[in-house]
Amino acid sequence: MSALKRVQQWATFARIWHVYDAAWQNPFHSAKLLKKYLMGLHKPIYHPLNDCGDHVIVINTGDIALPEDEWKKRAYFHHTGYPGGASWTVAWELHDKDPTMILKKAVYSSMDGNLQRRYTMERLHLFPDGKVPADLMKNVSNQIQQIRPVPKRLDHYSEQERKEFPKLIDYPKDYILR
Amino acid sequence: MSNSHIFLKSGFIRTPSQNGVGRYVCQLQRVVLKFCKNNGSSRGMREFVESELINFAKNNPGVVVYLKPRRHRAPVISAEFLNGDKQWVSCHNYSKQDISKWLNLLRTQSGNTTGFRLRKLQHTDHPSIQGPWTPYTFKDPAENLAEYPNTELSKPKIQLKTATDELLEIFNSVQISDKKGVE
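Since the model is a prediction, treat every value here as computed from it, not as a measurement.

*Asks:* How should I be thinking about the UniProt feature "domain: Ribosomal protein/NADH dehydrogenase" (unreviewed entry) in chain B in this particular structure?
*Replies:* In this numbering, the UniProt entry assigns the feature "domain: Ribosomal protein/NADH dehydrogenase" (unreviewed entry) to residues 37-110 of chain B. Here residues 37-110 of chain B is 39% helix and 23% strand, with 31 Å between the C-alpha atoms at its ends.

*Asks:* Explanation requested: the pairing of strand E5 (residues 86-90) of chain B in the structure shown.
*Replies:* Two faces, one strand: in a regular strand the side chains alternate between the faces of the sheet. Residue and element names in this part refer to chain B. In E5, alternate side chains face the same way, and those of Gln87 and Val89 are buried while those of Lys86, Trp88 and Ser90 on the opposite face are not. Pairing of strand E4 (residues 76-81) with E5, which is carried by five bridges, proceeds in the antiparallel orientation. Note on E5: the bridge partner recorded for Ser78 is Trp88. Following E4, the chain reverses through four residues before pairing antiparallel with E5; Gly84 in that reversal takes a positive phi of roughly 95 degrees.

*Asks:* How should I be thinking about unusual backbone geometry in this particular structure?
*Replies:* Excluding glycine, most residues fall at negative phi; most peptide bonds, likewise, are trans. The residue after Tyr148 of chain B, namely Pro149 of chain B, is reached through a cis peptide bond having omega -5 degrees. Looking at where Pro149 of chain B falls in the secondary structure, it is placed in the loop between strand E6 (116-118) and helix H4 (151-154). One non-glycine residue, Glu68 of chain A, lies in the positive phi region at around 50 degrees.

*Asks:* Can you walk me through the environment of Arg119 of chain B in this structure?
*Replies:* All names here are of chain B. With respect to the helices and strands, the residue Arg119 is situated in the loop between E6 and H4. Arg119 sits 116 residues away from Asn3 along the chain, and the two C-alpha atoms are 17 Å apart. Beyond its immediate chain neighbours, meaning those up to four positions away, Arg119 contacts Ser10, Gly11 and Phe12. For Arg119, the side chain forms a polar contact with the side chain of Ser10, separated by 3.1 Å.

*Asks:* Would you take a moment to explain the packing of aromatic side chains for this structure?
*Replies:* How two aromatic rings sit relative to each other is given by the distance of their centres and the angle of their planes. Residues and elements named next belong to chain A. Counting across every chain of the model gives two aromatic pairs over all chains. For the ring pair Phe77 and Trp88, a centre distance of 5.1 Å and an interplane angle of 50 degrees mean the geometry is tilted. Here Phe77, found in strand E3 (residues 75-79), pairs with Trp88, found in strand E4 (residues 86-90); they are 11 residues apart in sequence, far enough to count as distant. Of the residues examined, Phe77 reaches a relative accessible area of 48% and is grouped as partly exposed. Aromatic pair Tyr171 and Tyr175: ring centres 4.9 Å apart, planes at 10 degrees, arrangement stacked. On the basis of relative accessibility, which here comes to 52%, the residue Tyr171 falls in the exposed class. Sitting over the ring of Tyr157, Lys152 keeps its end group 4.4 Å from the ring centre.

*Asks:* Sorry, what's going on with the sheet that holds strand E3 (residues 64-69) of chain B here?
*Replies:* One key point about sheets: their strands pair by backbone hydrogen bonds, in either a parallel or an antiparallel sense. Residues and elements named next belong to chain B. Here four strands make up an open sheet; going across it, the order is E3-E2-E4-E5 and the pairing mixed. The strands lining the two open edges of the sheet, one partner per strand, are E3 and E5. The sheet shows a mean angle of 15 degrees between the axes of neighbouring strands, taken without regard to direction. Each of strand E2 (28-35), E3 and E4 touches helix H1 (residues 43-51); the most contacted strand, E2, lies at about 125 degrees to it. Seen against the sheet, helix H3 (residues 96-108) touches E2, E4 and E5 and runs at an angle of roughly 15 degrees to E4.

*Asks:* Hey, could you run me through the pattern of salt bridges in this one?
*Replies:* Pairs may arise between side chains of opposite charge once their charged atoms sit close together. Residues and elements named next belong to chain A. Per the stated rule, a full pass over the model turns up 15 salt bridges over all chains. Across the pair Lys43 and Asp54 runs a salt bridge, and its minimum N-O distance is 2.9 Å. Here Asp54 lies in the loop between helix H2 (27-39) and strand E2 (55-59) and Lys43 lies in the loop between H2 and E2, a separation of 11 residues in the sequence. Each member of the pair Lys43 and Asp54 is classed as buried.

*Asks:* It is not clear to me how the packing of H1 of chain B against H3 of chain B should be interpreted in this structure. Could you clarify?
*Replies:* Residue and element names in this part refer to chain B. Packing of H1 against H3 brings their axes to within 8 Å, and their N-to-C directions diverge by 70 degrees. Put simply, H1 runs roughly perpendicular to H3. Where H1 abuts H3, its residues Gly44, Met45, Glu47, Phe48 and Ser51 lie against Lys96, Ile99, Ser100 and Leu103. By residue class, the composition of the contact of H1 with H3 is four nonpolar, three polar and two charged.

*Asks:* Looking at this structure, how should I read the interface of chain B and chain A?
*Replies:* Interface size is often expressed as the accessible area that is lost when the parts come together. Opposite the 21 residues of chain B that make contact, chain A presents 26 residues. Surface buried jointly by chain B and chain A totals about 1,900 Å² across both partners, of which 67% is contributed by carbon and sulfur atoms. When the buried area of chain B at its contact with chain A is split by residue, Trp133, Tyr148 and Ser154 of chain B rank highest and sum to 31% of it. Our enumeration of links across chain B and chain A arrives at zero salt bridges. Across the contact surface, chain B and chain A share five residue pairs in polar contact (both at pLDDT 80 or more).

About the thresholds
- Residues numbered from 1 in each chain as written.
- Chains lettered and ligands numbered in written order.
- Predicted model: local features only at pLDDT ≥ 70, side-chain atom pairs only at ≥ 80, totals over all residues.
- Heavy atoms only, no water.
- UniProt positions renumbered as here; feature names shortened; annotations may be inferred.
- Helix = DSSP H or I, 4+ residues; strand = E, 2+ residues; numbered from the N terminus.
- Buried < 20%, exposed > 50% of the residue type's maximum accessible area, 1.4 Å probe, protein only.
- Pairing = 2+ DSSP bridges.
- Contact = heavy atoms within 4.5 Å.
- Polar contact = N/O pair within 3.5 Å; in protein donor to acceptor, adjacent residues only side chain to side chain.
- Phe/Tyr/Trp six-rings, centres within 6.5 Å; stacked < 30°, edge-to-face > 60°.
- Lys NZ or Arg CZ within 6 Å of the ring centre and 35° of its normal.
- Axes fitted to C-alpha atoms, helices over the stretch in contact; angles between N-to-C directions.
- Salt bridge = Lys/Arg side-chain N within 4 Å of Asp/Glu carboxyl O.
- Parallel < 35°, antiparallel > 145°, perpendicular 65-115°, else oblique.
- Nonpolar A, V, L, I, M, F, W, Y, C, P; charged D, E, K, R; others polar.
- Buried area = accessible area lost by both parts, 1.4 Å probe.

In structure tokens form, the structure reads like this:
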């Protein structure tokens, strides 16, 4: 193999680092998206036997949005292996204990249970907030697009924007806002 | 089921040092015709040796031809190639024409084709003119300068108008028409 071809090989199989902002995203839909990047399914060179998966850094996993009443209804099962060792943890409770766990489990269960799954999961880096170690962040060269827009809350608008927003009426001066 | 193929050499089709481009070097170096002088199965081989072998040797001065008579054994062609391969062809009950054709095949081969499995029926040293894909092909060069995490790049591609946006749009359009009415 010539020097040029060797470099070509490195370029084609280079591992890319992606970053994904999980704020206001459905973790189960996000898992299907992230799985493609982790396994390398988005690449034209993909083959189950070639190791072409990428790294994904997920930030703000603490701000994920579960649909409907899943925070209350979704239960995570664990068994210690001892008699009476079964336990069911509700999603909000699990999220309180570890804000990355729901997304981690969602990605893990979105993939087929084969020998490669544990190694693929090693390439997923989850952070409950925006604080990512600089040595990881400097590798990143792509941002994965979110699957739904982040809603803008009233306190995200500036004072100026709020004043200029069209109003039907002005409250009387002696009106008490509760 | 036979497993003999699993130790078979395998690879891609190739031409030894661009043979045939500018000059041609016959890759067959040595051929041994083994036959019996009495046995009926060697009749075609004997006829070939009598009538055609001299011409073959004259036409191919690069090929060393050996004859090996041996009693009561089946006729065989053993060919040795420039790359070290050795091919063995059984010529039991072959006619003169058959042997001539087999010998011609061995002469034009570049090695032992029976001891080699082709992984693909075609091969090229340059599979792509534009170069193989890399993660950076088809990427927007502007992303090289982007700071990550990037809120602009993170936004979904398809963004529908929110109710707030529509309300503001209606409000603005009404204001413009009001101004026109005044003028």
